Amino acid sequence: MQQGEMADTFQPLANNSLELEPPRSIDDYIESAYRHNSTLRHKGYLLDIIQHWRYYIIFLALGIANSGDSAEMGCTSFILSSVKFQHDILLKDGEADGDDADEIDFAGRGAAVAGAHFAGMLISGLLSGVLADVWGRRSTLLLGLVCNAIVGVLSVGARNAAELCMLRFVLGVGLGMVIAGVVTLCAEVSPPSKRGRFMTFVGSCYTLGFMYTACWALVIFPRSGSGNWRLFMFMNALPTMVAASLVMIFVPESPRYFLCRGKTKEAVHVANVIATRIGYVDKLLTEEELGQHLFQARIGEAKYHDLDANESYGTVETPPAIIQENLLREVWMSLVSIKQVFANGMYSTTIPLQLSFFSLTLATGVAQWFTRIFQMLELPTDAYVLSFCNTLAQIPGMMLASGLIETGRRRLVMIGFGGGSAILILLSTIANKIQNPEKETTVDDSEGLNSLIVLGLACSYSIFLCMAWLSLDVLSAESFPTKVRSTGRGVCVATGRMGGFCVQFLYGPLINEGRLTYMFGIASLFAIGGLVMSCQTTDTTHVDLRDHWDYSKVDSAVNGENGSHDRQRRKTSLAETKRSKYVSVELGSSL
């Protein structure tokens, strides 16, 4: 598209029908389409889902993709506790005939297996975010799903720790692509007023993956943990295969992605496809209407920032020269210019999110070893049963996060960190008492009292982790503009994965030496650090995913009591907007 063509595209329209009401953005259009069937929705959500299943299956497909990710990540907790896996993969060379448990190398090989996928996710956290912004959210998601399905099947034939670590590393690269596509796609095809609910639904499917893995662990691994771990790895690849098929058939590309690439025709087409699936056919979006909205937004933006109307300061259009570049070259250019997520004051949003992801991943690293921890505590209850019950605890965690997400994203992140740190301190105390009982106060554990206490604390910890992860995912997805949303999230996720990989080489030796008290204590310090950093994030509750300023709010702030119009205010993140117009629509005159 040449400069003259772009100017023609964004001229004001003379259509009288569009002059009666302001032109709609993509968010406005999807919101109005979702509200259009409110009468049917009042008759029952089940009827609404059946009637418009082609829209809701988008989120089901994204949810299954998310569950496939968690199944692959959660399987390490179970295979590391398998006796046959330890003999096949973790046993030190030349010591196959030994009977000493110390011959099993948890500090080196075990930690490498547990952290290999984190290393892959560290690499893809940056690459996949840029790839999703340049190549497309759906394309990146599909590539990750296909990669994971193939690698999951190949893992069945791993002969040693080196081969398995290499496959897990490639799997981690695919996991990063899936995460980049799932979260961003879900945010950009959801109605703004219900975005938090839809994103928490997709995020809650993460629990389904862990439950799926835990169920197969109960079936395949007997109490001794001597089951076929290769069969277990194959079964874990099935959800990813199903997700790849559903995404390929039912999930469209994000209309906001097309718009930020300058493809207005494709953006309008996909937006109308989504609206039609919801059941909205009265007044479809047109290129002219969307063009008028972009033209008005650009004029207002240029007026506020004292720019030429043709400049692109925070707009959603990609310059034509960039669109015509080769894909690989553009990916490289985007990687080189990844500093854009720190520019124009965005560092105040990006850095706290990075450190929050980093701290949360460090604290979550304990969960990779829970099944082994249950075995080391020598509890009377089967360790795999305890792990399954611990996985079930994620269900109330997801329900709490879904119900509370609209009360404040940042608040929920802080609750997750605070509660998790408290639970880890209690786990450290109880582990110390179990492993080092005082002779005169030894308590008979025949009734499983210690099992109940440890399980209760582990379940509580899982609940707080769910709340923290879900709310942090939503918070990060809403904190960046469309043009760099996946890139911004990728930077944050990559920072977290770096911690997730490195911390396994701290937890692995502690597991080897049986120092669970130190392990839980160190993890609690990480959680406390995350609590401090989450206080520095910007809450995005009830904020629309617009890439232009809400000029009425900006003007009122500029002409308010202070009357200031300084550059710092101009760089303030859109996430600092206090209230969304969609909330105003819901609450009506009470606002």
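Coordinates for the structure precede this section.
Only a predicted model underlies this, so the values are computations on that prediction, with no experimental measurement involved.

With respect to the secondary-structure elements, phenylalanine 198 resides in helix H11 (residues 195-220). On a C-alpha basis, the gap between phenylalanine 198 and cysteine 186 in space is 7.3 Å, while along the polypeptide they are 12 residues apart. Setting aside residues up to four positions removed in sequence, phenylalanine 198 forms contacts with Tyr34, Tyr55, Tyr56, Phe59, Cys186, Ser190 and Pro191.

Overall, the coordinates contain four cavities of 30 Å³ or more when judged by the stated rule. Space inside the largest cavity adds up to approximately 760 Å³. Lining the largest cavity are 39 residues, with Tyr206, Phe210, Thr364, Gln394 and Trp469 positioned closest to its centre. Of the residues belonging to the lining of the largest cavity, the class tally is 21 nonpolar, 15 polar and three charged. For the second largest cavity, the calculated volume is near 60 Å³. Surrounding the second largest cavity, Gly125, Ser128, Gly129, Gly176, Ile179, Ala180, Thr184, Ser486, Arg489, Gly490 and Val493 form its lining. Elements represented by at least two residues in the lining of the second largest cavity include exactly helix H8 (106-134), helix H10 (161-189) and helix H25 (485-513).

Glancing now at the side chain of serine 524. When you line up the elements, serine 524 lands in helix H26 (residues 516-534). Apart from residues lying up to four places away in sequence, serine 524 is in contact with Ser421, Leu424 and Ile425.

Here tyrosine 257 is to be found in helix H14 (residues 255-260). Using a relative accessible area of 5% as the deciding quantity, one classes tyrosine 257 as buried. Linking tyrosine 257 and threonine 482, residues 225 residues apart in sequence, is a C-alpha distance of 7.2 Å. Contact partners of tyrosine 257, with chain neighbours within four places excluded, come to Ala132, Asp133, Val134, Trp135, Gly136, Arg137 and Glu188.

If you trace the backbone, serine 70 turns up in helix H6 (residues 53-79). The exposure class assigned to serine 70 is buried, which follows from its relative accessible area of 0%. Within polar-contact distance, the side chain of serine 70 engages the backbone oxygen of tyrosine 206 at 2.6 Å.

Reading guide: rules and limits
Per chain, residue numbering runs from 1 following the sequence as it is written. Per-residue local features are limited, in this predicted model, to residues with pLDDT of at least 70; the limit for side-chain atom pairs, both in listing and counting, is 80 or more; totals at the level of whole chains, interfaces and linings are taken over all residues. Derived side-chain values reflect all non-hydrogen atoms in the structure, with water molecules and hydrogen atoms excluded from consideration. A run of H or I in DSSP counts as a helix once it spans at least four residues, and a run of E counts as a strand once it spans at least two, with each numbered from the N terminus. Any two residues whose heavy atoms approach within 4.5 Å at even a single point are treated as in contact. Residues are called lining when one of their atoms sits within 4 Å of a cavity or pocket point, these points coming from a 1 Å grid over the protein atoms alone, where a cavity is a set in which a 1.4 Å probe fits but cannot get out and a pocket is an open set with protein on both sides within 12 Å along at least five of seven lines. Grid points are joined across faces, edges and corners, and a volume is the space filled by probe spheres set on the points. Classification convention: Asp, Glu, Lys, Arg as charged; Ala, Val, Leu, Ile, Met, Phe, Trp, Tyr, Cys, Pro as nonpolar; all other residues, Gly among them, as polar. Here's how the labels work: a residue is buried when its accessible area is under 20% of the maximum for its type, exposed when over 50%, partly exposed in between, all with a 1.4 Å probe on protein chains only. The term polar contact refers here to a pair of N or O atoms within 3.5 Å; inside protein, the definition further demands a hydrogen-donor-capable atom paired with an acceptor-capable atom, and it admits residues adjacent in sequence only when both atoms are side-chain atoms.

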